[in-house]
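Report on the structure
Take a look at the letters that make up each chain.
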Amino acid sequence: MTVLDRDLASLQEMRDLVRKAKSAQKEFKNYSQAEVDRVVFALARRMDKESEALAKMAVEETGYGNVPDKTMKNLVASRILYESIKDMKTVGFIHEDHEKKIYEIGIPVGVIAGLVPSTNPTSTAIYKAIISLKAGNAIVLSPHPAAKGCILAAVNLMKEVLKEEHAPEDLIGCISTPTMEATDGLMKHDDVNLILATGGSAMVKAAYSSGTPALGVGPGNVPVFVERTADLALAAKRIVQGKSFDYGTICASEQSVVIEGAVIEPMLKELQKAGCYYLSAEEKKLLDPVVQTPRGTLNTKIVGKSALEIAEMAGLKVPPDTKVLLAEEMGVGKDYPFSREKLSPLLALYVEPDWQRACLRCIEILEYGGEGHSLGIHSNNESIIREFALRKPASRILVNSSTTHGAVGATTNLMPALTLGCGAIGGSATSDNISPLNLIDVRRMAYGVREVEDVIKSAEALDKSSSSPSSDLDLEEVVRKILREMTK
């Protein structure tokens, strides 16, 4: 009996999953919108019910975050997501403009490769499966090895639902022996039509360089500005809620708070009331090497850990009700550990004399590993809010909201999503919160509404009626020349 090596077994499993997914999608792509919606509703309802159980499994397996917050993530990926997409048209005729006689048809892209991180494992798996099927696609998931157990459990539950709904079970697949070779092979497979990449920068770059169309997300080094007109108590509550949520494992969580100098003292008091422990300069020196390694990389041991656990790593004693460790930072970059994305309940503090310099500081923070992602502002001055929105290199500007909850669509009306595009500036193909509409091709059917001769006459009439001097080669002349060539 031949026993395959682990990497070869993983590659073979991946190829089998893609082959089955392609076959299943061939059947599923013929489903009507009503049939697709029936399957998606059943998936969302089941995963809603399993949210807490899957959250417990994720925490036990990965050691990241906590059960209540991971339960909420699973609810965002199932119940809240479903409510936003249930009436969305994705297959067949999705838009009809009878006046212009243009009709749009949603076409599934086919088989999707979904990369799933360990920080948000079950929620990402649920989310990617639901949006893929809503768009008429099949999906094969490649789980992070540190979270494969809970991800496989979520997938098996979803496959049960497909069986109950008499839909092809192989519409959702998951590699049970994840390896780098299998993930790389999945992204480059000829029968994979699109990659949904969520993970580290290296993995996202690999997705974009695979030769397969990809939608990936960059890192989130999210700054949040507190302007003097803000409701300080509410701002502090929201910032701490966001920063402490699942111990900082969502990429949209607050990483730095920039406070206008005029309100620094009352805002610090409100942050401390909300659960922040303000580190002294000496305490920060002890914590800095815990946050960042000598090589300038994030210490992965702090990822997804509570403020109390991280304080203990540095030999610090903090109050038992501490939710966030807050430390003033004097600059941005590798020499300033708190200025980076920390994936934990650690928050950098900056004080700026006015909103203009706060604006520059926020841009500096975004440029240090967060371009194109998200930014928060707490203010009641609409002109300043609009200035921030115009100037910042961020795809999501969250106003008077936790950035963690606002960016994923929990406390805002943004599309509920756990894959947040960062736009071209962030190395992403889109700045959207990824939805089923990102996972379809749109076929356009357009009826002829005028004859070529009509276009020529219209151009000539426009030329005669123009009172401005004509150039040697104006637009109307170009149109006439092209159309005359067409009619020869």
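Computed from a prediction, not measured in an experiment: that's the story for all the values here. (Residues numbered from 1 in each chain as written. Predicted model: local features only at pLDDT ≥ 70, side-chain atom pairs only at ≥ 80, totals over all residues. Heavy atoms only, no water.)

**Points about the UniProt feature "domain: Aldehyde dehydrogenase" (unreviewed entry) in the protein**
Within the UniProt annotation, "domain: Aldehyde dehydrogenase" (unreviewed entry) is assigned to residues 9–274. From the first C-alpha to the last, residues 9–274 spans 51 Å; its make-up is 53% helix and 18% strand. (UniProt positions renumbered as here; feature names shortened; annotations may be inferred. Helix = DSSP H or I, 4+ residues; strand = E, 2+ residues; numbered from the N terminus.)

**What about the packing of helix α4 (residues 67–85) against helix α5 (residues 121–134)?**
Helix-helix packing is characterised by the crossing angle of the two axes and by the distance between the axes. Running from N to C, α4 and α5 cross one another at 15 degrees; their axes reach a closest spacing of 8 Å. As summarised for this structure, α4 and α5 are arranged roughly parallel, according to the angle between their axes. For α4 against α5, the interelement crossing comes out right-handed. Contact residues: K70, K73, N74, A77, S78, L81 and I85 in α4; P121, T122, S123, I126, Y127, I130, I131 and K134 in α5. A class-by-class count of the residues in the contact of α4 with α5 yields 8 nonpolar, 4 polar and 3 charged. (Axes fitted to C-alpha atoms, helices over the stretch in contact; angles between N-to-C directions. Parallel < 35°, antiparallel > 145°, perpendicular 65-115°, else oblique. Left-handed = near helix turned anticlockwise from the far one by under 90°. Contact = heavy atoms within 4.5 Å. Nonpolar A, V, L, I, M, F, W, Y, C, P; charged D, E, K, R; others polar.)

**Observations concerning the sheet that holds strand β8 (residues 222–226)**
Strand order in the open sheet formed by 7 strands is β10-β11-β12-β9-β8-β13-β14, and the pairing between neighbours is parallel. In the strand order of this sheet, the two ends are held by β10 (276–278) and β14 (394–399), each with one partner. Each strand axis lies, on average, 25 degrees off the axis of its neighbour in the sheet, ignoring direction. Bridge count between strand β11 (residues 324–328) and strand β12 (residues 346–352): 4 bridges; the pairing is parallel. Directly across from L325, in β12, lies its bridge partner L346. Its contacts with the sheet put helix α11 (residues 281–291) on β10, β11 and β12, and the angle it makes with β11 is roughly 110 degrees. (Pairing = 2+ DSSP bridges.)

**Some words on the sheet that holds strand β1 (residues 92–97)**
Read across the sheet, 3 strands follow the order β1-β2-β15 without closing on themselves; strand pairing throughout is antiparallel. Both outer strands of the open sheet, β1 and β15 (440–446), are each paired with one neighbouring strand and no more. For this sheet, the mean inter-axis angle between neighbouring strands, taken without regard to orientation, is 25 degrees. Bridge count for β1 against strand β2 (residues 102–108) is 5 bridges, and the pairing is antiparallel.

**As for the environment of V226**
With respect to the secondary-structure elements, V226 resides in strand β8. Placed 79 residues apart in sequence, V226 and K305 show a C-alpha to C-alpha distance of 26 Å. Setting aside chain neighbours within four positions, we find V226 in contact with L232, I239, V257, V258, I259, E260, V263, M267 and H378.

**A short note on the pattern of salt bridges**
This model, assessed by the stated rule, comprises 23 salt bridges. With a closest N to O distance of 2.9 Å, R228 and E260 form a salt bridge. One end of the pair, R228, is in the loop between β8 and α9 (232–244); the other, E260, is in strand β9 (residues 254–260), and 32 residues separate them in sequence. Using a relative accessible area of 44% as the deciding quantity, one classes R228 as partly exposed. For the salt bridge of R391 with E387, the shortest nitrogen-to-oxygen distance reads 3.0 Å. Taken as a pair, R391 and E387 lie in helix α14 (residues 382–391) at a separation of 4 residues, close to a single helical turn. Within the structure, one salt-bridge network assembled from shared partners comprises R46, E50, E160 and E164. (Salt bridge = Lys/Arg side-chain N within 4 Å of Asp/Glu carboxyl O. Buried < 20%, exposed > 50% of the residue type's maximum accessible area, 1.4 Å probe, protein only.)

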